[in-house]
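Spelled out from the first residue to the last, the chains are:
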Amino acid sequence: MTTATSPRELAHPARDEIRLEGVLHALSDPMRLRVVRELEAADAEVACSYIELPVTKSTTTHHFRVLRESGVIRQCYRGTAKMNGLRREDLDALFPGLLDTVLAAAESQAAREGTS
């Protein structure tokens, strides 16, 4: 894991440190999966506030931290905003097709439940 050298720099796992079980754990929570779906749809880095979750701010922070520490997203500060981006290139290189499959399944489930 890359270590943070300042309070404004966040630690992320290097590509070769990303583990399948960590990614699957991160994606297993409905709120975290929602974040990933929103980041995929945005197709760009977005601020945490761009993604509204029906949970407290501290719980939202926890979900973003789990996603970052598992290697699913990359976070960085731009001014006062914490920007978030999907680590698609790393995930596709390590686990080809996994992210596409999970996102397609989530979309299908949301359509069945009428929540897409």
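Residues numbered from 1 in each chain as written. Predicted model: local features only at pLDDT ≥ 70, side-chain atom pairs only at ≥ 80, totals over all residues. Heavy atoms only, no water.

**A closer look at the pairing of strand β3 (residues 81-86)**
Using the following cut-off: Strands pair, by our definition, only if DSSP identifies at least two bridges between them. Counting from the N terminus, the helices are DSSP H or I runs at least four residues long and the strands are E runs at least two residues long.
Across 2 bridges, strand β1 (residues 46-47) lies against β3 in antiparallel orientation. Note that in β3 the partner of V46 across the bridge is N84. Across 6 bridges, the pairing between strand β2 (residues 73-78) and β3 is antiparallel. Looking across to β3, one finds that R74 is bridged to G85. Joining the antiparallel neighbours β2 and β3 is a turn of 2 residues, in which G79 adopts a positive phi near 65°.

**What about the nonpolar core?**
So the rule is basically this: Nonpolar cores are built from buried Ala, Val, Leu, Ile, Met, Phe, Trp, Tyr and Cys residues. Side-chain atoms within 4.5 Å join them into one set. Remark: exposure states derive from per-residue accessible area (1.4 Å probe, protein chains only) relative to the maximum for the residue type, with buried under 20%, exposed over 50%, and partly exposed in between. Should any heavy atoms of two residues lie within 4.5 Å, those residues are considered in contact.
If you look at the biggest cluster of nonpolar residues, it comprises 24 residues, and the most contacted ones within it are V36 and V72. Elements represented by at least two residues in this core include exactly α1 (20-27), α2 (30-42), α3 (57-70) and α5 (98-113). Leave out the neighbours within four places in its chain, and V36 touches L27, L67, V72, L86, L99 and L103.

**Structural notes on the side chain of N84**
Filter applied, for reference: Here a polar contact is recorded for every N or O atom pair within 3.5 Å, except that within protein the pair must consist of a potential hydrogen donor and a potential acceptor, and residues adjacent in sequence are included only if both atoms are side-chain atoms.
For N84, the location among the structural elements is in strand β3. In terms of polar contacts, N84 uses its side chain to reach the backbone carbonyl oxygen of K82, at 3.3 Å. Excluding residues that lie within four positions of it along the chain, N84 makes contacts with L39, A44, E45, V46, A47, C48, F64, I73, R74 and Q75.

**Regarding the pattern of salt bridges**
Short version of the rule: We define a salt bridge as a side-chain nitrogen of Lys or Arg found within 4 Å of a carboxyl oxygen belonging to Asp or Glu.
Tallying each qualifying case throughout the model produces 10 salt bridges. Put simply, R88 and E40 hold a salt bridge, and the shortest N to O gap is 3.2 Å. With R88 in helix α4 (residues 88-94) and E40 in helix α2, this residue pair connects regions lying 48 residues apart in the sequence. Residue R88 is joined to D92 by a salt bridge in which the shortest nitrogen-to-oxygen separation is 3.1 Å. Here R88 pairs with D92, and both are found in helix α4, just 4 residues apart, close to one helical turn. Several salt bridges share partner residues, and in doing so they unite R15, R87, E89 and D90 into one network.

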